[in-house]
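# A structural walkthrough
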Amino acid sequence: RIVYVNGEYLPEEEAKVSIFDRGFLMADAVYEVCSVLDGKLLEFEGHIARLHRSLSELKMAEPCSDEELLEIHRELVKRNEVKEGGVYLQVTRGASDRDFVWAKDLKPTLVLFTQAKSIEHSPTATTGIKVIAIEDQRWARRDIKTVQLLFPSLAKMEAKAQGKDDAWLVEDGFVTEGTSNNAWIVTKDGTIVTRDLSTDLLHGITRASVMKYAKEAQMKVEERKFTIEEAQNAAEAFFTSASAFVTPVVEIDGATLGDGTPGPVARRLREIYLAESRARAI
Ligand code: PMP
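Residues numbered from 1 in each chain as written. Predicted model: local features only at pLDDT ≥ 70, side-chain atom pairs only at ≥ 80, totals over all residues.

Glancing now at the overall build of the protein. Broken down by element type, the protein carries 8 helices and 15 strands. What you see for the protein is a C-alpha radius of gyration of 19 Å, in line with the 19 Å of a compact globule of 282 residues. Considered along the principal axes of its C-alpha atoms, the protein spans approximately 55 × 40 × 35 Å. Sequence separation of 24 or more characterises 71% of the internal contacts of the protein that already satisfy a separation of 6 or more. (Helix = DSSP H or I, 4+ residues; strand = E, 2+ residues; numbered from the N terminus. Rg over C-alpha atoms; globule rule 2.2 N^0.38 Å. Contact = placed C-beta atoms within 7 Å.)

Our next topic: the packing of helix H6 (residues 205–216) against helix H8 (residues 264–280). For the pair H6 and H8, the least separation of the axes is 10 Å and the interaxial angle reads 105°. Relative to H8, H6 is oriented roughly perpendicular. On H8, the residues that touch Ser209, Val210, Tyr213 and Ala214 of H6 are Leu269, Ile272, Tyr273, Glu276 and Ser277. A per-class count over the contact of H6 with H8 returns 6 nonpolar, 2 polar and 1 charged. (Axes fitted to C-alpha atoms, helices over the stretch in contact; angles between N-to-C directions. Parallel < 35°, antiparallel > 145°, perpendicular 65-115°, else oblique. Nonpolar A, V, L, I, M, F, W, Y, C, P; charged D, E, K, R; others polar.)

In this section: the pairing of strand S6 (residues 109–116). Sheet topology places strand S1 (residues 2–5) next to S6; 2 bridges connect them, and they run antiparallel. By the bridge assignment for S6, Tyr4 is matched with Leu112. (Pairing = 2+ DSSP bridges.)

Segmentation of the protein into domains returns domain 1 (2–116) and domain 2 (123–280). Here domain 1 and domain 2 have C-alpha centroids that lie 26 Å from each other. On the domain 2 side, the residues contacting the 20 residues of domain 1 number 13 residues. Where the side of domain 1 that touches domain 2 is concerned, the elements lending two or more residues are strand S3 (29–37), helix H2 (44–57) and strand S5 (85–92). With 8 residues, the top contributor of residues to the side of domain 1 that touches domain 2 is S3. A breakdown of the residues in the side of domain 1 that touches domain 2 according to their chemical character gives 9 nonpolar, 7 polar and 4 charged. (Domains from an automatic or database assignment.)

Glancing now at the nonpolar core. Membership of the largest hydrophobic core comes to 36 residues, with the highest contact counts inside it found for Val131, Ala167, Trp168, Trp184, Ile185, Ala237 and Val249. Excluding residues within four positions of it along the chain, Trp168 makes contact with Val131, Ala133, Val175, Gly178, Ala183, Ile228 and Ile252. (Core = buried A, V, L, I, M, F, W, Y, C linked by C-beta atoms within 7 Å. Buried ≥ 20, exposed ≤ 12 C-beta atoms within 10 Å, placed from the backbone.)

Turning next to the site of the ligand. In the neighbourhood of the ligand, the contacting residues comprise Glu177, Ser180, Asn181, Asn182, Leu202, Gly204, Ile205, Thr206, Arg207, Thr240, Ser241 and Ala242. For the shell around the ligand, the secondary-structure elements that each account for two or more residues are H6 and strand S13 (236–241). Broken down by class, the residue content of the shell around the ligand amounts to 3 nonpolar, 7 polar and 2 charged. (Near = placed C-beta within 6 Å.)

Another aspect to go through is the sheet that holds strand S4 (residues 40–41). Ordered by their spatial adjacency, 6 strands build an open sheet running S2-S1-S6-S5-S3-S4, and the pairing between neighbours is antiparallel. Of all the strands in the sheet, just strand S2 (8–11) and S4 have a single pairing partner and so form its edges.

Before going further, it helps to examine helix H3 (residues 66–79). The end-to-end C-alpha separation of H3 is 20 Å, in line with the 20 Å expected for 14 residues at 1.5 Å each. Within the span of H3, buried status applies to Leu69, His73, Leu76 and Val77. On an axial view of H3, the arc spanned by its buried residues comes to 100°, and they lie on one face. The exposed set on the far side of H3, more than 90 degrees from its buried face, consists of Glu67, Glu68, Glu71 and Lys78. Buried residues along H3 sit against S1, S3, S4, H2, S5 and S6. Glu81 sits one or two positions beyond H3 and adopts a positive phi of about 50°. (Expected span 1.5 Å × (residues − 1). Arc of directions from axis to C-beta.)

Another aspect to go through is the environment of Asp97. By the secondary structure assignment, Asp97 is in the loop between S5 and S6. Separated by 75 residues in sequence, Asp97 and Arg22 have C-alpha atoms that sit 8.9 Å apart.

Most of strand S10 (residues 182–186) sits inside the fold, with 5 of its 5 residues counted as buried. Neither face of S10 is left uncovered, since the one carrying Asn182, Trp184 and Val186 and the one carrying Ala183 and Ile185 both have all their residues buried. Note: S10 against S13, 5 bridges, orientation antiparallel. The residue bridging Ala183 from the neighbouring strand is Phe239, located in S13.

Right, let's talk about unusual backbone geometry for a bit. For Ala27, which is not a glycine, the phi torsion comes out positive at approximately 55°. The residue Ala27 is located in the loop between helix H1 (22–26) and S3 in this model. For Ala27, a count of 14 C-beta atoms within 10 Å corresponds to the partly exposed category. One non-glycine residue, Asp38, adopts positive backbone phi at about 55°. Along the chain, Asp38 turns up in the loop between S3 and S4. Its 10 C-beta neighbours within 10 Å are what place Asp38 among the exposed residues.

The structure is reproduced here in structure tokens:
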């Protein structure tokens, strides 16, 4: 695989980042993942807009222009012949001798690589997934997409250890989000519900688009908190993320939803989302 590091395209074995990089030593880094279908980038503008926001919230320097970022994405997709999968991008504050205080003139580290994988016809799209509930123990700025992914990894490992697929994180009795996705339910009267935006959760790019398309399709959407108990008693549940689009959830903390198969709203939203984002791919 050819990867990108600080201005260079290199075979992955030759790509190097300093051991003093603050991304490595202190998780002082942000990232984005842009999906690829038919060799084209989905939701590129949304991911880049969120990258700018993450960088600015952490007072990190912009690594390069948006035009250059698009060019690097496209070049990697081309060189690696990726038809389906994703492009991972990470910006760190840069390398300097280990110190909590950072120098103002650090040069950001920019790394991108592709991951070729099947995302459109993933088995979970037809079977749905099972989630457990876990207390959300992440830091309080989950709206910034940092590489501090240890707690979400532990939570997902716990779900796997219990024979399930993912964990929905719960704070003060309400679901914040999934370990790497936004959580949604469909009430028995057909209203689509997802948590309102705040610093408590990541502002998903897929979440925003799905909400827009649902409203355009005359579906009723509510942005508010919900509990695990409300989700267990909902008509349907699903999650959204850049790489899994809209994926049904069929079991929540031991309770099966409906007949345990993906519901019609989740299936319809997945179809709409795929058609719309494909049509806008660049
Ligand atoms: N929440 C978290 C914690 C995530 O890691 C992700 C994946 N980036 C999401 C939500 C979904 O965001 P997006 O739709 O932009 O992929």
